[in-house]
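The primary structure of each chain is shown beneath.
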Amino acid sequence: MTVATDAGTLALWRGSAFADVDGYDAWERRVNERLDEAIQSGELVPVGIQGDGAFGVRVAVAPDTATERETRYTVVTSQPYLLVSDGGPVHLSGMEAVGVEASSPITVSLPEGHYAVRASIVAWDEEPGARGPDGLPGPDALPDFLVTIAPTDGLESYRTSEVTFDPLT
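Since this is a predicted model, take the numbers as computed values, not measurements.

Caption draft 1: Inspection of unusual backbone geometry at higher detail. Each neighbour pair has its own omega, and for Ala-62 with Pro-63 the value is 20°, a cis peptide bond. Relative to the helices and strands, Pro-63 is located in the loop between strand 4 (53-61) and helix 3 (68-72). At Gln-50, a residue that is not glycine, the phi angle is positive and equals roughly 60°. In this fold, Gln-50 is placed in the loop between strand 3 (44-48) and strand 4. By relative accessible area, Gln-50 is classed as exposed at 62%.

Caption draft 2: Structural view of the pattern of salt bridges. Inspection of the entire model under this criterion finds 9 salt bridges. Salt-bridge contacts for Glu-43 lead to Arg-34; the nearest nitrogen and oxygen are separated by 3.0 Å. The salt bridge partner of Arg-131 is Asp-125, with a shortest N-O separation of 3.5 Å. A relative accessible area of 44% places Arg-131 in the partly exposed class. Its relative accessible area of 41% is what places Asp-125 among the partly exposed residues. Each of Arg-34, Glu-37 and Glu-43 takes part in one network of salt bridges that share partners.

Caption draft 3: Looking closely at the nonpolar core. In this structure, Leu-12, Phe-18, Leu-44, Val-57 and Val-98 are the most contacted members of the largest nonpolar core, which totals 37 residues. With 4 residues, the single largest contributor to this core is strand 2 (residues 9-14). The next biggest cluster of nonpolar side chains, apart from the first, holds 7 residues, and it includes Ala-60, Tyr-73, Val-122 and Leu-146.

Caption draft 4: Representation of the environment of Ile-106 in the model. Residue position: Ile-106 is located in strand 8 (residues 106-109). Ile-106 gets classed as buried once you look at its relative accessible area, which sits at 11%. In contact with Ile-106, not counting residues within four places along its chain, are Met-1, Val-3, Val-57, Val-59, Val-90, His-91 and Leu-92.

Cut-offs and rules
- Residues numbered from 1 in each chain as written.
- Predicted model: local features only at pLDDT ≥ 70, side-chain atom pairs only at ≥ 80, totals over all residues.
- Heavy atoms only, no water.
- Helix = DSSP H or I, 4+ residues; strand = E, 2+ residues; numbered from the N terminus.
- Buried < 20%, exposed > 50% of the residue type's maximum accessible area, 1.4 Å probe, protein only.
- Salt bridge = Lys/Arg side-chain N within 4 Å of Asp/Glu carboxyl O.
- Core = buried A, V, L, I, M, F, W, Y, C linked by side-chain atoms within 4.5 Å.
- Contact = heavy atoms within 4.5 Å.

Take a look at the structure:
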């Protein structure tokens, strides 16, 4: 699925946590001004990509995991982030669309509980044949990002940084 952002960050977010976002002022108060709190409490998981654009993203909910191809071309995977589900929908969108369910191209339903979310950067363009004759991703190209969601007891250490991936050394 293609997900776009003009804010340099994608976000996986619990719909009920941002149901009162009904415009820019509400977004500023509920998302931007309390982003650290939303991440720490498991309302929102940033996929901080540090750039604007449209990206191919696949969300895998356990028992679904990375495919062999995705694993082979994974560049980096984040430490786990906490996501707390109340049994309602969870959305993936650009950060600027948090709270606007209609602007979320990916929606998943998760049973109530705690989840560990990891984001991976996939070097899809390194796979032979990934590009079509026009230079664009071919029909079987891997996604730019893989977001995996797995149940957890909620007691492990979670990443809380808005920056999803540590710089590669």
